[in-house]
Amino acid sequence: RLYGVTGYRELDPTPILTISFTLMFGMMFADLGQGLLLFLLGLWLFRQPRLPLDPTLMRNAGLLLMPIGVSAGVFGAMFGSMFAREDWIPALIYHPMDEVFVSLGISVLIGITVLCLGMAIGLFNAWINASLQEHLWDNFGPIGLLFYLALVGLTLGYWMQWPALQYVCLTL
């Protein structure tokens, strides 16, 4: 049920998945030099008319490698990493190994956002198809989303020592 082709009236999650995948890949593979090489390889695959393999496959591989190469290069410049060396160029924001908890916090925040967006799109599509009542108690329904957000809030309240947030999330 989580995979398949979206209906005519449904909201397609593909653009959100494309953007989030590209950003998360760039954050994980942050390297200016290797990102540039990935982009150039993607451009070469996209423009090669005569390869012994399927040309459509090569064009699609090129279309995948170009944006993730740009993303890796941009994050590599921001984090000061070039060809796995962090001493060749200065970091524009910070070195991830110097601020591990900041990097992990940003990654967790992006993951929570992507999961909530996916659940919200699923709820919107259920509402469009007039099947919201069937999905009420589903894992990805409104009760599941509320439970997930309560767990996130409870964890955040415990970690940040905010008892008021813990009490609110426990009552949910």
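Bear in mind that the values here come from a model prediction, so they are computed numbers and not experimental data.

What counts as what
Residues numbered from 1 in each chain as written. Predicted model: local features only at pLDDT ≥ 70, side-chain atom pairs only at ≥ 80, totals over all residues. Heavy atoms only, no water. Phe/Tyr/Trp six-rings, centres within 6.5 Å; stacked < 30°, edge-to-face > 60°. Helix = DSSP H or I, 4+ residues; strand = E, 2+ residues; numbered from the N terminus. Buried < 20%, exposed > 50% of the residue type's maximum accessible area, 1.4 Å probe, protein only. Contact = heavy atoms within 4.5 Å. Patch = residues over 30% accessible without salt bridge, like charges linked within 9 Å, V, L, I, M, F, W, Y side chains within 5 Å. Areas by Shrake-Rupley, 256 points an atom, 1.4 Å probe, with all protein chains shown as cover. Salt bridge = Lys/Arg side-chain N within 4 Å of Asp/Glu carboxyl O.

> What is the right way to read the packing of aromatic side chains from this model?
When we look at a pair of aromatic rings, we describe it by the centre distance and by the angle of the planes. Applying the stated rule across the entire model yields 5 aromatic pairs. Here F124 and W127 contribute two aromatic rings whose centre-to-centre distance is 5.8 Å and whose plane-to-plane angle is 50°, an arrangement assigned as tilted. Within this pair, F124 and its partner W127 are both found in helix α4 (residues 100-128), separated by 3 residues, close to a single helical turn. Note on F124: relative accessible area 33%, which makes it partly exposed. Taken together, F21, F25 and F29 form an aromatic cluster joined through their ring pairs.

> Mind showing me how you'd approach the environment of F79 here?
Relative to the elements of secondary structure, F79 occurs in helix α3 (residues 55-79). For F79, the contacting residues outside a window of four places in its chain are M27, A30, A91, I93, Y94, H95 and P96.

> Looking at this structure, I do not really get a nonpolar patch on the surface. What am I missing?
The grouping of L36, L37, L40, F83 and W88 at the surface amounts to a nonpolar patch, some 510 Å² of accessible area in total. Positionally, L40 belongs in helix α2 (residues 32-47). For L40, a relative accessible area of 43% gives the class partly exposed.

> I keep staring at unusual backbone geometry and nothing clicks. Help me out?
What is expected of a backbone is that most residues other than glycine have negative phi and most peptide bonds are trans. One non-glycine residue, F83, lies in the positive phi region at around 50°. Note that F83 resides in the loop between α3 and α4. Its identity is not glycine, yet A84 carries a phi of approximately 65°, on the positive side. By secondary structure assignment, the location of A84 is in the loop between α3 and α4.

What is shown is where atoms sit, not what they do.
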